[in-house]
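Okay, here's what each chain looks like letter by letter:
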Amino acid sequence: MVLTRLTVGGRVTLPKELRLAAGLHDGDELEAEVVSDGILLRPCAERDPDQGWYWTPEWQEGEKQIELDRAAGRFGPVFDSADEFLEALRARADNAPGPGPIED
């Protein structure tokens, strides 16, 4: 175990031996998460710059909401194939109410 100190502005320096053991380099991004027994830091996977929108706070908030909805069972059926999905969509369209009779 290696000790470090929290400094001004919430900064923490990871000692060299930890950085080397973890394969970390200057500029690497780390994910931080509060867990039951402290704070977990893990290196971020390499991210494609074209996918930056996915990592915006707004998009990540939506991802969290989806996971909450899934856990609460607020999702419709899951389809095993595109054909199965299209069949269910057609059946739903066939049962949808129409516009009604056309009047002159």
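Residues numbered from 1 in each chain as written. Predicted model: local features only at pLDDT ≥ 70, side-chain atom pairs only at ≥ 80, totals over all residues. Heavy atoms only, no water.

## Some thoughts on helix H3 (residues 82-94)
- With 13 residues, H3 should reach 18 Å at 1.5 Å per residue; the first-to-last C-alpha distance of 18 Å fits that figure.
- Among the 13 residues that make up H3, zero are buried, leaving the element largely open to the surroundings. (Helix = DSSP H or I, 4+ residues; strand = E, 2+ residues; numbered from the N terminus. Expected span 1.5 Å × (residues − 1). Buried < 20%, exposed > 50% of the residue type's maximum accessible area, 1.4 Å probe, protein only.)

## Structural notes on the confidence of the model for the chain
- Within the chain, residue pLDDT values average 86, and 95% of them lie at 70 or more.
- When mean pLDDT is compared element by element in the chain, strand S1 (residues 6-7) scores highest at 93, while helix H1 (residues 16-22) scores lowest at 89. (pLDDT = per-residue confidence, 0-100.)

## Here we look at the packing of aromatic side chains
- Scanning all chains against the criterion turns up three aromatic pairs.
- Aromatic pair Trp 53 and Trp 59: ring centres 4.8 Å apart, planes at 80°, arrangement edge-to-face.
- Residue Trp 53 is classed as partly exposed on the basis of its relative accessible area of 43%.
- One aromatic cluster is present, built from ring pairs that chain together Trp 53, Tyr 54 and Trp 59.
- A cation sits over an aromatic face here: Arg 70 above Phe 75, 5.1 Å from the ring centre. (Phe/Tyr/Trp six-rings, centres within 6.5 Å; stacked < 30°, edge-to-face > 60°. Lys NZ or Arg CZ within 6 Å of the ring centre and 35° of its normal.)

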